[in-house]
Amino acid sequence: MTPRTLLVFIDGFGIGPADPDVNPFMGGTAPVLEAWITQHAAPMEATMGVPGLPQSATGQTALLTGLNAAEQLGSHVQGFPGPELTVLIREHNLYDRLQARGYRATFANAYYLESMPDLLARRRPSVTTVAALKAFGTVRDGAAMRAGRAVYHDLTRQALLERGYEGPVIAPEEAARHLLGIAREHDFTLFEYFESDLAGHRGTLEDARAVARKLDRFAAELERGLDPERELLVVTSDHGNMEDMSSRQHTANPVPFIALGSGSERLLQTVRSITDVTPALLDLYP
Ligand SMILES: [Zn+2]
């Protein structure tokens, strides 16, 4: 039976040292994530065999296409995809490949208060947005978010208060319930969280612990709401960063491929690199 898959992509989330003074995911700050990393995760190489520290544009392209994007471009590429990566994403993304097999895929993130022309004109889209715009022609907006049918990237909408949003701010648990609701209407749902990478670059250890606590509340509610017979929860990342607060850079650490629920055991035995994620997920959808 094909599962309903919810893929939660956490930017800058590697498997780090056990020392909680360096790694905010350890030492009891994020007990659910700590248990997932130690009991339900396979470590995946994020470096793709290319020298240098892994970066977001190539790493996310690898996750969402299965291609060794760093090798194809000759280096790890930071931030947003340029023309070459955009072509790879448009031609090989997981959403389109699932849709071509007759499955329903979606991107659950909300974009706030921007019309599609605004979005296209003003933003340099991320890998996940390039893929969503190619596959679906649109992304979810503020109205969908208010109706509980899209999730803002920070989970709680707190970051929107300074952009004219008048509330309510919601709990991470409520964001998790909204996300599970979206996932139940699709065969494959992706949600992207990136405050972890920002905290790794710019935050203090306390900032990183606050991110870990918020993510952990979200994770706990996802686990509580998951139907393990029919649903598959995957949590993974493009490269390390926040798991080692002794540096402000990305790390070369492996990233966790966390899987719970339907089909998770086989997946955990299959994935060894971030390039394995798309092929392994496609195998679940004949
Ligand atoms: Zn980064």
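Since we're looking at a predicted model, the values are computed, not measured.

(A) Quick peek at unusual backbone geometry. Of note, the bond from G167 into P168 is cis; its omega dihedral lies within 30 degrees of zero at 5 degrees. Tracing the chain through its elements places P168 in the loop between α8 (142-146) and α9 (172-183). A positive phi is found at M48, a non-glycine position, where the angle reads about 55 degrees. Its location among the elements puts M48 in the loop between β2 (41-44) and α2 (56-65). Phi at L155 takes a positive value of approximately 75 degrees, unusual for a residue other than glycine. Residue placement: L155 occurs in the loop between α8 and α9.

(B) Expanded view of the packing of α9 against helix α11 (residues 205-225). Packing of α9 against α11 leaves a shortest axis separation of 8 Å and a crossing angle of 40 degrees. Here α11 runs oblique to α9, going by the angle between their axes. Note on packing geometry: the crossing formed by α9 with α11 is right-handed. Between α9 and α11, the residues in contact are P172, E173, A175, A176, R177 and L180 and K214, R217, F218, E221, L222 and G225, respectively. Residues of the contact of α9 with α11, tallied by class, amount to six nonpolar, one polar and five charged.

(C) The arrangement of the sheet that holds strand β1 (residues 4-10) in detail. The strand order β2-β8-β7-β1-β6-β3 describes an open sheet built from six strands, whose pairing is mixed. The open sheet terminates on both sides in strands that have one partner only, identified here as β2 and β3 (105-107). Adjacent strand axes in the sheet meet at a mean angle of 15 degrees, parallel and antiparallel pairs treated alike. Here six bridges tie β1 to strand β6 (residues 188-193), and the two strands are oriented parallel to one another. The residue of β6 that forms the bridge with L7 is L190.

(D) Broad picture of helix α7 (residues 127-136). Judged by how many residues are buried, α7 sits mostly within the fold: seven of 10 residues are covered. Turning to α7, its buried residues are V127, T128, T129, V130, A131, A132 and A135. At its buried positions, α7 is contacted by α2, α4 (83-92), α5 (94-100), β3 and β6. Residue G137 follows α7 closely and has a positive phi angle near 75 degrees.

How each quantity is defined
Residues numbered from 1 in each chain as written. Predicted model: local features only at pLDDT ≥ 70, side-chain atom pairs only at ≥ 80, totals over all residues. Helix = DSSP H or I, 4+ residues; strand = E, 2+ residues; numbered from the N terminus. Axes fitted to C-alpha atoms, helices over the stretch in contact; angles between N-to-C directions. Parallel < 35°, antiparallel > 145°, perpendicular 65-115°, else oblique. Left-handed = near helix turned anticlockwise from the far one by under 90°. Contact = placed C-beta atoms within 7 Å. Nonpolar A, V, L, I, M, F, W, Y, C, P; charged D, E, K, R; others polar. Pairing = 2+ DSSP bridges. Buried ≥ 20, exposed ≤ 12 C-beta atoms within 10 Å, placed from the backbone.

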